[in-house]
Amino acid sequence: MKVLADGDKEGFSDTVLYHVLSKEKQLKRRLPWYYAPSFLLLWVALFYAIVLPLFYRLPDRVTMADEPLKPGQFVAERAQKILYELDRIGPKVVGSTANEVTSVAFLLNEVEKIRSEMRGDLFHLEVDVQQPTGSYVVGTMTSIYQGIQNVVVKLSPANSNSSSYLLINSHFDTKPGSPGAGDDGTMVVVMLEVLRQMSISESGFMHPIVFLFNGAEENPLQASHGFITQHKWAANCKAVINLEVGGNGGRDILFQSGPNNPWLVKYYKQHSKHPFASTLAEEIFQFGILPSDTDFRIFRDYGNIPGLDIAQFSNGYVYHTAFDSFDVVPGRAVQNTGENILSLVRALSNARELYNTKEHSAGHAVFFDFLGLFFVTYTERTGIILNYCFAVASVLLVGCSLWKMTCVSEVSAGRISILFASHLGLHLAGCLLCIGLPLLMSVLYDVSDRTMTYYSNNWLVIGLYICPAIIGLVLPSSIYHSFKSDDKISHPYQMYVGLHAHCVVLSLLTIALTAIGLRIPYMCMISLFLYIVSLLINLLTTLHDRGYYWVLTVQISQLFQYVYFCYLFYIFLVIFFPAMGRNRDSANPDMLIALICAVGTYFALGFVVPLINMFRWSPYLLICLGVVTFIFSMISITEVGFPYRPKTSVMRVNFLQTRRMFYEYDGNISVNDSGYYFDYQDRRALRPLKDYAVNLTGLTSVDGYCDKYVMCGIPCFWSSWCRGISSAAWLPREEEVAVPGNLKLNLLNKTLSKSGNSARFEFELSGPPHMGLYIRPLDGVAVEDWSFIRTMLDKPDKYSPPYQIYFSYGVDSSPFKFHIDFMKSDGQLDGQIFELGVVGHYVSQDFERDETTIRFIADLPDFVYTMEWPSLFMRYIF
């Protein structure tokens, strides 16, 4: 151990004393610590005082009594009366009496009521009930439909010869078990009231309007495909307004536009009464993050029709459940959507762009609203210019600010540059922690099997993810300011340099995201614009160099940034909170919620939370935030954090009571059993049921049977079900499932080709309105051709066996005939060629459930909602 001499001891003491005094001097330059809680609570108060009220703001409902005083306005009360009657029909599944008979008759009756009030001298009304048959590939399956139904209404001006039509679409069919008052009954009645208002208007319009009430959207998307590829009016439709509901109520958001055709968004800006839209929502939806799809894609891909995709999304907990009923549809939400759509229809039906949309198709639009108060849109090309200009301007102004600090502080430019580089590194570390700490929390909750604690009590994310994001963002700089001081450069300047680092990171992010062709850098551009406005003001006045006075202009500008980004990311939390209950079990849903919270915190508070270091003892503030996270974590592991609640935020359990009959090549039955096939809907699978009376003895994964039987021996319904089949489960039951209908497959003929290298098998299939085929060639065999569309065969890199064919019908129940041609490399076609699975799904309430199933459902706890039906799975080897 080295012993210090007396002189060395004196020098060491002087050094320690200097650092202590310097530290005390730096602390004195900071604001008192007791202002910090007020500073943080101010931003919390702004969220509750501004963001939430504007987010949930809806217009007053117009009643039928108000109509004489408000002519030409959308009348929500009349729409609600129609919705009440539509809701009383109950679930409307394709092929059911409710969908194919009752609902179609109901819609035709409502249209005739409108015809009786129509100005016959000004308008013509034509009605067509279309019953198309066709096929296309969706997901990883070929979807075939036969005799499904569309109710199509065309309203034409009497004095117009325009051959360009405006198309408006919604669907009246529903998911099994759901009356669909929200999805999509709300939009059906909005369209009926819009049709009525347009038909009684004294002012005409240029272009005919086609109102498509499609009867097979949930099937999925079959009816829109049947219309756009086959209907006599489809070729004339030049633009579409697609109306959807992903929940029940709330404001309607424009979440997809185009493709291209930025003039459509301009019309939305000019004529939407209550604008609510986001380019970020469009790009997120098109990335496929949300487990949903709409008819808009069909019109875009198969009709090449540009348009606007608009949807309500609040209260997604009732989406596709029995609780999506008339009682939970807010009248003011119907009024909000009705006013928007009526105004848009009036404008677009008079749009000259409809005469030749190709002339106006160039470019894409960047668009967003500011708290519903006003709407901003510009072309993608303009957005690229703005992004680059603001990014460069920000860097230049930051350079000017640093140069001015050099002059005022009388330090070298190199010293300021080192300080800036240090803060840039600290900020990058803070960015990583801002994202990383919430993600770490989500992983810990997943490992401990406590995902989705926020599902019913959304406020838990404040402590679980937002506080860790704030801590992560400011922690590196807080440590730096606590242990390192620079007496030559004032503390206010050091704080400003930290914000400059955030600005430069946003500039680099803007350039990078713009360069790869995304439109979401508009968010960075907004942040840069607001920051450089405040920076310019400070540079052009004396505020820049007067202690903390520059904070005033920065924070005033940040008020706008904060409320906008809180508003924007709150939209996604409202959408994704309930969506995590139907996101299947393969991925950790908390990671997505944590990421939304973290990115939202970064954009909303990136220029705010670093100012915590203005206050004395700032590390203690971070410790307090950590205590908040700890308290919320403790709360989340109590009953408060249990995800599910009866009726309001249910646990979704999809299962099919299945009878299985597997025939071998010699005709003998090798498997003849019954059980329940579970298609897991969320990360917790069925584990929350282990403490309840329901008997799950024998529940096993089907993954072990995937090599033994085609499609793992499980009757998965659509491609989304089949893609997740490896994590599905099978629960055997002793009682045989009572199959409530017929399912029959006949081999009509087997013929060999002239070359003898291939064989054709011809079949006839009859059964319930929903049936499936799974085709798996055996070793050495390939499908050469078939009677279905060849898309899956022509793209072997994308589609591989087993092939899934989904078949449904509406009013045409005639047997389905098809053939498959197989080729074998050795030419030996006398033995086993392929495995064929045939499934009948008895989906609608027209088919009864057996007593054993009814008792099983009754044993489930009250927070469980089941979507179920009987099915018959027969497997053959030919």
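Here, the structure is the one placed above.
Attention in this report is confined to the structure presented alongside it. (Residues numbered from 1 in each chain as written. Predicted model: local features only at pLDDT ≥ 70, side-chain atom pairs only at ≥ 80, totals over all residues. Heavy atoms only, no water.)

### Quick look at the overall build of the protein
For the record, the criterion: Here a helix means four or more residues in a row that DSSP labels H or I, a strand means two or more in a row labelled E, and each is numbered from the N terminus. Only the C-alpha atoms count toward the radius of gyration. The rule for a globule is 2.2 Å times the residue count to the power 0.38. To sort residues, take the accessible area from a 1.4 Å probe on protein chains only and compare it with the maximum for the residue type: under 20% means buried, over 50% means exposed, and anything in between is partly exposed. Residues are treated as being in contact if the distance between any of their heavy atoms lies within 4.5 Å.
A count of helical and extended segments in the protein gives 21 helices and 23 strands. Taken over C-alpha atoms, the radius of gyration comes to 32 Å for the protein, in line with the 29 Å a tight globule of 878 residues would show. Taken along the three principal axes of its C-alpha coordinates, the protein extends 105 × 80 × 55 Å. By residue count, 60% of the 878 residues in the protein fall in the buried class. The contacts in the protein between residues at least 6 apart in sequence include a share of 83% that link residues at least 24 apart.

### With respect to the environment of methionine 580
Within the element layout of this structure, methionine 580 appears in the loop between helix 16 (550-579) and helix 17 (589-605). When its relative accessible area of 1% is taken as the criterion, methionine 580 is described as buried. As a C-alpha pair, methionine 580 and arginine 57 span 523 residues in sequence and 25 Å in three-dimensional space. When residues no more than four places from it in sequence are discounted, the contact partners of methionine 580 are Met452, Tyr454, Pro589, Leu592, Ile593, Gln681 and Asp682.

### Considerations on the side chain of arginine 584
We apply this condition: Residues adjacent in sequence count toward polar contacts only when both atoms are side-chain atoms; beyond that, a polar contact is any pair of N or O atoms within 3.5 Å, and within protein one must be able to donate a hydrogen and the other to accept it.
Along the chain, the position of arginine 584 falls in the loop between helix 16 and helix 17. Looking at arginine 584, its side chain comes within polar contact range of the side chain of aspartate 679, at 2.6 Å. Not counting the four nearest positions on each side in its chain, arginine 584 is found in contact with Asp679, Tyr680, Gln681, Asp682, Arg683, Ser720 and Trp721.

### Topic: the sheet that holds strand 16 (residues 744-752)
For clarity, the cut-off: The rule for pairing is simple: two strands pair if DSSP sees at least two bridges between them. Only the contacting stretch of a helix is used when fitting its axis, a line to C-alpha atoms as for every element, and angles between N-to-C directions run 0 to 180 degrees.
The sheet built from 4 strands is open, its strands ordered 16-17-21-19 with antiparallel pairing. The open sheet has two edge strands, strand 16 and strand 19 (781-786), and neither has a second partner. Averaged over all adjacent pairs, the angle separating strand axes in this sheet is 30°, with direction ignored. By the bridge criterion, 8 bridges tie strand 16 to strand 17 (residues 758-766) in an arrangement that is antiparallel.

### Digging into the sheet that holds strand 6 (residues 209-214)
Whether parallel or antiparallel, the strands of a sheet pair through hydrogen bonds between backbone atoms. Here we have 7 strands laid out as an open sheet, ordered 1-4-6-5-7-9-8, and mixed in their pairing. Edge strands, defined here as strands with exactly one partner in the open sheet, are strand 1 (123-130) and strand 8 (252-258). Neighbour-to-neighbour, the strand axes of this sheet turn through a mean angle of 15°, independent of strand direction. In this sheet, strand 9 (residues 307-312) lies alongside strand 7 (residues 237-245) in parallel orientation, the contact comprising 6 bridges. For leucine 243, the partnering residue across the bridge sits in strand 9 and is isoleucine 310. Sitting on the sheet, helix 7 (residues 263-271) is in contact with strand 7, strand 8 and strand 9, with an inclination near 45° to strand 9.

### Comments concerning the state of the cysteines
Defined as follows: By convention in this document, the label disulfide applies to cysteine sulfur atom pairs within 2.5 Å.
Inspection of the entire model under this criterion finds 2 disulfides. Through a disulfide, cysteine 716 is tied to cysteine 722; the S-S separation comes to 2.0 Å. Its S-S torsion of approximately 90° makes the covalent link between cysteine 716 and cysteine 722 right-handed. Once the bonded cysteines of the protein are numbered in order along the sequence, the disulfide links fall as 1-2, 3-4. In this structure cysteine 431 is a free cysteine whose sulfur lies 7.0 Å from that of cysteine 434, the closest cysteine sulfur available. Residue classification places cysteine 431 among the buried residues on the basis of a relative accessible area of 16%.

### Some points on the side chain of threonine 321
Mapped onto the fold, threonine 321 is located in the loop between strand 9 and helix 10 (331-348). Take threonine 321: its relative accessible area is 0%, and that puts it in the buried class. The residues touching threonine 321, leaving out its near neighbours within four places in the chain, are Gly177, Ser178, Pro179, Val650, Arg652 and Tyr865.

### What about empty space enclosed by the protein?
In plain terms, the rule: Detection works on a 1 Å grid of protein atoms alone, calling trapped sets that fit a 1.4 Å probe cavities and calling open sets with protein on both sides within 12 Å along at least five of seven lines pockets, with lining residues defined by an atom within 4 Å of a point. Grid points are joined across faces, edges and corners, and a volume is the space filled by probe spheres set on the points. Under this grouping Gly is polar, as are all residues other than the nonpolar Ala, Val, Leu, Ile, Met, Phe, Trp, Tyr, Cys and Pro and the charged Asp, Glu, Lys and Arg.
Going through the model one piece at a time under the given rule, you end up with 5 cavities of 30 Å³ or more. Roughly 310 Å³ of volume is contained in the largest cavity. Phe255, Phe285, Leu290, Phe313 and Ile575 are the residues nearest the centre of the largest cavity, which is lined by 23 residues in total. Those elements that place two or more of their residues in the lining of the largest cavity are strand 7, strand 8, helix 8 (279-286), strand 9 and helix 16. Ranked by the residues each element gives to the lining of the largest cavity, the list is headed by helix 16, at 4 residues. Looking at the lining of the largest cavity residue by residue, the class counts come to 14 nonpolar, 5 polar and 4 charged. Size it by volume and the second largest cavity reaches roughly 140 Å³. As for the second largest cavity, its lining consists of 15 residues, and the residues nearest its centre are His423, His427, Ser477, Gly498 and Pro610. Taken together, the elements giving at least two residues each to the lining of the second largest cavity come down to helix 12 (413-447), helix 13 (460-483) and helix 14 (491-515). At 5 residues, the largest contribution of residues to the lining of the second largest cavity is made by helix 13.

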